[in-house]
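Observations on the three-dimensional arrangement
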Amino acid sequence: MRNCSIAVQRYLPHEHAEPFWQHFTVPFDESTSILDALNYIKEELDPSLSFRWSCRMAICGSCGVMVNGIPKLGCKDFLRNYLPRNYLASESTAAVSAAEIRIQPLAHFTVERDLIVDMNEFLVHLEAVKPYLITDAGADETPLEKHAQTLAQTNKQTPAQLAKYKQFANCINCGLCYSACPQFGLNPEFVGPAAIALAQRYNLDSRDQGKAARMPVLNGHNGVWSCTFVGFCSDVCPKHVDPAAAVNQGKVESAKSMLIQMFTGRG
Amino acid sequence: MKTHAKLPSTAKSSRWHGLHLEPIWWSLFSAGGVCFAVFVPAVVLVFAILAPLGFITLDYSQIVSWYADIWGLLFTGAVICLPAFHAAHRIRHGLHDLQIGGGLLSVVICYGAAALLSVAALYGWWQLSG
Amino acid sequence: MSYKPELTGSWWLKHRFFMLYMLREATVLPLVFLLCSLLAGIYSLASPEQFASWQAFMARPWVLALHGLALVAALYHAFTFFQLFPRVMPIRIGARLLPPALMVAVQWAAVLAVIVLFLWLFGNSQGAI
Ligand code: SF4
Ligand code: FES
C-alpha cells in the first residue's frame, strides 16, 4: 500500500465560522475510491468528518463531492485517477505531496456541514416538473383513485416508444449536473439540467399525458431559456443522461408550446 | 380532497399568460448559428482574405448585377441579418455570464443593434435593386 | 448555520472546460467586425470608386488580421455547433438513431460545398486559383 495526500474542505459551524482545509494522508491501492478514502479518514483519523453515502455502487446518488474542482460521485471515482500512471508501481515517494487531491462539497449549493449540502435546492426544481406519469383518465378523482386507475391500465409500450426517452430515464438525482452548471450557480431559480431532463423523459413517454402541466415551468425565463448550452452537465453526469441535450430539445418543445398557447389559448 | 382541475379563467388571460420573446431570439440565434457555420467561412475566405490578398480579383459590375438581384437579398439575410442576431444573443448571454448585464437593458441594446444592422443592410440592398 | 460560495464574474477562468465555452461564445466578436465590414461593402457598391476604396480598406493589414481571426472563429464555431445539432434535434428512424457522426460529417460537407461554390462563382475571373 502507498500513501496519498488528501485535503478536505471542512465546515463545522459550531466551532469555526468559516470553512477551512484539513490535510490527511491515506493509504490506497488500485481499488481505493474517493468514498473509501473519506471512510478511512472518518474511521481512522477524524471521526468528526461528515459526508453522505449509501450504495457504494453509483446508484443511490448521495455521495457527490467536488474532486479537484469537478463534480464526481465519490464511489465511482478512484484515487488512482489523480496520481501519475506509474505511481503505484514505482518505488519513489516523492510524488506524494506533489499530488494532493482536493475534496470539497458540491458547488452551487448551500453547505450545511463539511461535505453535506442542502439538496433541497435541487429537489424543489425536480418536484416542480412533476416527474411522474400523469394520465388524463379520472381528472376529477383523488390522487389515490387516480393511482389505482393508472395501475389498472396495462401501459403497453413498444421498444421504439421506450427508446425515445430511455436515456433520460437513467438519472439517479445525484445533482452533479447542478454543480457543473454555471447558469444554476449564477441563478439558483434556474430549473436546471436534471429536472428538465426528467420533464423531457415524461413528456416523451407514450403513456404520459402530463405535458401541458409541465410546460409552464419549462416555458418560463427560469426554465429552458436560462440555458446557454455550456454542456458541462452532460460531461459530469455519471449515468450519461446528457441533460444538456434534454434541455435544448426542451427549447424546441417550449417554443412549440408557446406558439400553440398563443393560437388556442391553451398550453 | 378533490383537485380543482378547472379554475375559472378567461381564455384571453391564459392565452397570453407567461409568454415572452425568448423563442424568437433563440430561433434567430439558431438560424444565425447555422449561417455563421456554413456560409461565413466561404464569405470571409473569398471577400476578406483571398480578394484583398490579390488571389481573386472581384469584378465590380458582375458583383453589382448579382447583388441587385434576389441573390443579394439572400446574401444579406444569410450572411448579415441572421448572424447579427446570433451574435447579439451570445453577447447578451455573455454579459450575464460575466455578471455585467444580461437584463432588459442588455436585451434592448443587443437585439436592437442587430435589428439596426439588419435594417441598414436590407436598405442597402433595396437601394441597389430598386 | 450554513454558507454558500458565490460565483464571481471570473468563474469561467477556473477550468479548461469553461474557458473553451467562453472561447466559443467569443467567436461572435470577430464576426461582429466582419458584419460591419460587409455592410460597408454593400454601400460601397454604389460606385466603382467607392468599391475600390472599400477594397483598399479590406487589404489593410489590421483588417486582414481581424478577418483572419474571423475565419478561425467561424471554423471553431462550426466545430462546436455541428456537434450540438444531433443532440438538439436527434433524428430517429424507428427505434434507431441516425449516427451523430454522420450528421456532423454532412454539415462539414455543406461548408466545403459552399466554399467550392463561392470559389467557382468569384474565383474564375482572373484564374489565379
Ligand atoms: S442528470 Fe446525471 S448528473 Fe444530473 S442528477 Fe441525473 S444522474 Fe446526476
Ligand atoms: S454511494 Fe450511492 S452513488 Fe455513490
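Relevant structure appears above.
A brief structural summary. Note that this is a predicted model, so its numbers are computed, not measured.

1. Digging into unusual backbone geometry
Located in the positive-phi region is Asp114(A), a residue other than glycine, with phi close to 40°. Tracing the backbone through its elements, the reader meets Asp114(A) in the loop between strand S6 (111-113) and strand S7 (116-117). Positive phi is not limited to glycine here, since Gln99(B) has a value of about 60°. Residue placement: Gln99(B) occurs in the loop between helix H5 (70-97) and helix H6 (104-129).

2. A few points about the interface of chain C and chain A
Contacts between chain C and chain A engage 20 residues on the former and 36 residues on the latter. Both faces combined, the contact of chain C with chain A buries some 2300 Å², and carbon together with sulfur accounts for 65% of it. Between chain C and chain A we count 1 salt bridge in total. The tally of links from chain C across to chain A stands at 8 residue pairs in polar contact (both at pLDDT 80 or more). Counting only elements with at least two residues in the side of chain C that touches chain A, the list comes to helix H1 (16-26) and helix H4 (61-88) of chain C. No other element matches the 4 residues that H1(C) contributes to the side of chain C that touches chain A. Among the residues making up the side of chain C that touches chain A, the classes are represented as 13 nonpolar, 3 polar and 4 charged.

3. Notes on the site of ligand 1
All names here are of chain A. Around ligand 1 sit Cys171, Ile172, Asn173, Cys174, Gly175, Leu176, Cys177, Ala194, Cys237, Pro238, Val241 and Pro243, and those are all the residues in its vicinity. Put simply, ligand 1 lies in the second largest cavity. Among the residues forming the shell around ligand 1, the class breakdown is 10 nonpolar, 2 polar and no charged.

4. Some remarks on the interface of chain B and chain C
Listed by partner, the interface residues are 51 residues for chain B and 55 residues for chain C. Contact between chain B and chain C buries roughly 4700 Å² in total, counting both sides, with carbon and sulfur atoms accounting for 80%. Contact with chain C buries surface across chain B, with Phe36(B), Tyr60(B) and Arg90(B) losing the most and accounting together for 16% of the total. With its nearest N and O atoms 3.3 Å apart, the salt bridge here joins Arg90(B) to Glu25(C). Applying the counting criterion to the chain B and chain C interface returns 11 residue pairs in polar contact (both at pLDDT 80 or more). Taken together, the elements giving at least two residues each to the side of chain B that touches chain C come down to helix H2 (22-38), helix H3 (40-50), helix H4 (60-67), H5 and H6 of chain B.

5. Looking at empty space enclosed by the protein
Residues and elements named next belong to chain A. Using the criterion set out here, one finds 3 cavities of 30 Å³ or more in the structure. In terms of lining, the largest cavity is formed by 14 residues, of which the most central are Cys181, Cys227, Val230, Gly231 and Cys233. Taken together, the elements giving at least two residues each to the lining of the largest cavity come down to helix H7 (182-186), helix H10 (232-236) and helix H11 (243-264). Its residues placed into classes, the lining of the largest cavity shows 11 nonpolar, 3 polar and no charged. By volume, the second largest cavity amounts to about 90 Å³. Around the second largest cavity, the lining comprises 13 residues; the ones closest to its centre are Cys171, Cys174, Cys177, Cys237 and Val241.

6. Comments concerning the pattern of salt bridges
Here the structure, examined in full by the defined rule, presents 11 salt bridges over all chains. The salt bridge partner of Asp205(A) is Arg207(A), with a shortest N-O separation of 2.7 Å. Across the pair Glu25(C) and Arg24(C) runs a salt bridge whose closest N-O atoms are separated by 3.0 Å. Assigned by exposure class, Glu25(C) and Arg24(C) land together as buried. One network of salt bridges, in which partners are shared, links Arg10(A), Asp46(A) and Asp114(A).

7. Quick notes on H4(B)
Listed as buried for H4(B) are Tyr60(B), Ile63(B), Val64(B) and Tyr67(B). The arc enclosing the buried residues of H4(B), seen along the axis, measures out at 100°, which places them on a common side. On its buried face, H4(B) is in contact with H3, H5 and H6 of chain B together with helix H2 (28-44), helix H3 (48-58) and helix H5 (100-123) of chain C.

8. A short note on the side chain of Asp114(A)
Residues and elements named next belong to chain A. Classification of Asp114 as buried rests on a relative accessible area of 0%. For Asp114, the side chain forms a polar contact with the side chain of Arg10, separated by 3.0 Å. In terms of polar contacts, Asp114 uses its side chain to reach the backbone amide nitrogen of Ser50, at 2.9 Å. When neighbours within four sequence positions are excluded, Asp114 is seen to be in contact with Gln9, Arg10, Tyr11, Leu12, Ser48, Leu49, Ser50 and Pro105.

Definitions and cut-offs
- Residues numbered from 1 in each chain as written.
- Chains lettered and ligands numbered in written order.
- Predicted model: local features only at pLDDT ≥ 70, side-chain atom pairs only at ≥ 80, totals over all residues.
- Heavy atoms only, no water.
- Helix = DSSP H or I, 4+ residues; strand = E, 2+ residues; numbered from the N terminus.
- Contact = heavy atoms within 4.5 Å.
- Buried area = accessible area lost by both parts, 1.4 Å probe.
- Salt bridge = Lys/Arg side-chain N within 4 Å of Asp/Glu carboxyl O.
- Polar contact = N/O pair within 3.5 Å; in protein donor to acceptor, adjacent residues only side chain to side chain.
- Nonpolar A, V, L, I, M, F, W, Y, C, P; charged D, E, K, R; others polar.
- Near = heavy atom within 4 Å.
- 1 Å grid on protein atoms, 1.4 Å probe; cavity = no way out; pocket = protein on both sides within 12 Å on 5 of 7 lines; lining within 4 Å.
- Sits in = over half its atoms within 2 Å of the grid points.
- Points joined across faces, edges and corners; volume = space filled by probe spheres on them.
- Buried < 20%, exposed > 50% of the residue type's maximum accessible area, 1.4 Å probe, protein only.
- Arc of directions from axis to C-beta.

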